[in-house]
Every structure is written in C-alpha cells, then in structure tokens.
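Here are the chains, one letter per residue:
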Amino acid sequence: MDFDGPENGSNPYGTPFQAANNNIYAMTNRGGVNNQGVLFEWDIEKKMFSKKIDFNGPFTGSHPYGSLIQTYSNKLYGLTYHGGTNDEGVLFEWDAHSNILTKKIDFSSIDNGSNPYGSLNVANDSHLYGMTMYGGVNDFGTLFEYDPAANTLVKKIDFSGVGNGKYPQGNLFQASNGKMYGFTSSGGINNNGIFFEWDRVTNLLRKKIDFNYANDPSGSSPTGSVIEITRASPSSSTSIIKCCESFISPSGRYTWMTSGTYTDTIRNSAGCDSIMTIHLTVNHRSTSQVSMASCNTY
C-alpha cells in the first residue's frame, strides 16, 4: 500500500490497531481531502484499503499522531494534535459500523491541556487515560482521565518541569500492579525527560528516573511507550491413564505399548514447558479382552 496524499492520506504515525472485527485501523497525520490526515481501514481477508474519514479541523480534529484504541463498547477512540474549537486537538469516538466520527472533547489549554501527541490507554476501570504535550497550569502538558459513559474528561496531573517532567509525547501503560507508567520528553533534573509512575487511586505521580544524556547511557528525550515483561514459569501435571493396546502421548511424539510411568512435554498457555507425568496401564485384548470403551483418564 502506497500512501498518495489527497486520496489515501500521507505521513502515517502511530501503530496500526486490529479491532474486534479483525480489520486493521490507523491514521495518517496529513493527506486526505483537507490535507489534515485520514482514518483508514485495511481488510485483512480482502486485502483492501478504504479511507473512512477525512479529518477537517474544527469538527473532527486534524493531524493525529497516535494510534486508535477500542473500548468494551466496540467503539474506537483517538486523539488529534490540532483541530477542534480551539485548534488544540480533540478526543474523538468513531463507530466502524456506521462510519460516524463524533468529536467528544475539545482540548482547551489550561483547563485540560492541549495538543495530545500520543495515544489513549484503556484501563481496567473502562476509562481512557492519556496525556497532552502542552497546556495545563504550566503549559508543560497534562495527564487526563476520560469516562466514555459520562463523556467527561478530568485533568489529573499538571506536569511541572523539574519535579515531574514536561512535554510528554508518548503513551501511558497500565502495569499488572494497576499503576500507570510513562515518559516525558523533557523536564526532570537534567531537562532530558523522566520515567514516572502514576497511581490512579491516590492520584500521586512519582518520578522514577531522571534521564541524563551527558553522563548516563540511559539517553534522553523518551517519546515511546513502556512495556511490561513478565517471566512465565513451567508447569507440571500428573495423570493416571488406562488404555487398550497402545497410547499416543499428548505431544504426539511417542506411542507407548506397555504399562509404566512416562513423561512428556508440551507448551502451556504461557509458552513454557508443561511437563506431564503419566502413570499408564495398557490392557491387551489377547489377555483381558478389554473394550476400547474402558480407556479412561482419572
């Protein structure tokens, strides 16, 4: 697929998102009829590209930089960097079924921030969380919460510079401990950006790392997203099996024809080895006349 500007859009940012209907959705920052970006669909099965929305400034926003996300209502949500009533960006909802895009929130500088650069995150409370690059009390950006059911957006954090960073350009990530993590591209002690932790319950933001380009290999000006790496463990199980004549192991690698204790290994749901111990009794028809119906697992 080649982006061509006026028709299909140009300069795509963010990450393509696979929705519940298995199709891929993403946005371009420019191009389209108004040269303000487009929202498009890629049908995996048909290998077909379809432009769905031309962003148009005041009514739908313009120049998105982030990715789309899908909520439990199956609606898709996103952010634009410009456009809206104040030309400071919008939060929008898009219905793939009806192809209707609805502007939900106009960003407005001090009140809730301006110019969101990244993407939204759906937390386990079904609310959406994100950041703006500018705006807020200090014009250093904000962290906000959006409730889709109530259509309300609440500013939770004003970034302040040295204390908790400024100018966030990435996305928030909710870890397994329920807390959210992110970066700012500037601010902190060295003005090279920070890595922070935010607790939704207490609304406390804690700076965890000050990046220091000059003296630290950690670098500076982070703009991406945090990921969590979990270490999965191997599992084990024990089965008592009676069968007739022979038994094929769960992995399919072995065929056992005599009674005994055997082990086999398959992958568990976490991708690690599951070690299976099998106490096997094999009955042969020539001696016991046991029917195949007597093959059971206990």
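This text goes with the structure placed above it.
Predicted, not measured: the structure shown is a model, and the values here were computed from it. (Residues numbered from 1 in each chain as written. Predicted model: local features only at pLDDT ≥ 70, side-chain atom pairs only at ≥ 80, totals over all residues. Heavy atoms only, no water.)

## Quick notes on the sheet that holds strand β3 (residues 38-43)
Test applied: Two strands qualify as a pair provided DSSP detects at least 2 bridges between them. Counting from the N terminus, the helices are the DSSP runs of H or I reaching at least four residues and the strands are the DSSP runs of E reaching at least two. Between N-to-C directions, angles span 0 to 180 degrees; the directions come from axes that are lines fitted to C-alpha atoms, helices contributing only their stretch in contact.
Strand order in this open sheet of four strands is β1-β2-β3-β4, and the pairing throughout is antiparallel. For this open sheet the edge positions go to β1 (10-18) and β4 (48-54), each flanked by a neighbour on one side alone. Adjacent strand axes in the sheet meet at a mean angle of 25 degrees when their direction is disregarded. Direction of pairing for strand β2 (residues 24-30) relative to β3: antiparallel, over a ladder of four bridges. The partner of Y25 across the bridge, within β3, is E41.

## With respect to the pairing of strand β21 (residues 273-283)
Let me state the cut-off plainly: Three exposure classes are used, based on accessible area relative to the maximum for each residue type with a 1.4 Å probe and protein chains only: buried under 20%, partly exposed in between, and exposed over 50%.
Of the two faces of β21, only one is covered, namely that formed by S274, M276, I278, L280 and V282; the face formed by D273, I275, T277, H279, T281 and N283 stays uncovered. Alignment of strand β20 (residues 260-267) against β21, held across eight bridges, turns out to be antiparallel. Following the sheet pairing, G260 is matched in β21 by L280.

## Comments concerning the packing of aromatic side chains
For clarity, the cut-off: In summary, the pairing rule links any two rings of Phe, Tyr or Trp, Trp by its six-membered ring, whose centres are within 6.5 Å, and it sorts them by plane angle into stacked for under 30 degrees, edge-to-face for over 60 and tilted for everything else. In this analysis the charged atom, NZ for Lys or CZ for Arg, is taken to sit over a ring once it is within 6 Å of the ring centre and within 35 degrees of the ring normal.
In total, this model carries 21 aromatic pairs according to the counting rule given. Ring centres 5.6 Å apart and planes at 85 degrees place the aromatic pair F140 and Y167 in the edge-to-face group. Of this pair, F140 sits in the loop between β10 (128-132) and β11 (142-147) while Y167 sits in the loop between β12 (152-158) and β13 (173-174); the two residues are 27 residues apart in sequence, bridging distant segments of the chain. On the basis of relative accessibility, which here comes to 23%, the residue Y167 falls in the partly exposed class. Three or more aromatic residues joined by ring pairs form one cluster here, namely Y13, Y65, Y81 and Y117. We note K166 situated over the ring of F140; from NZ or CZ to the ring centre the distance is 4.8 Å.

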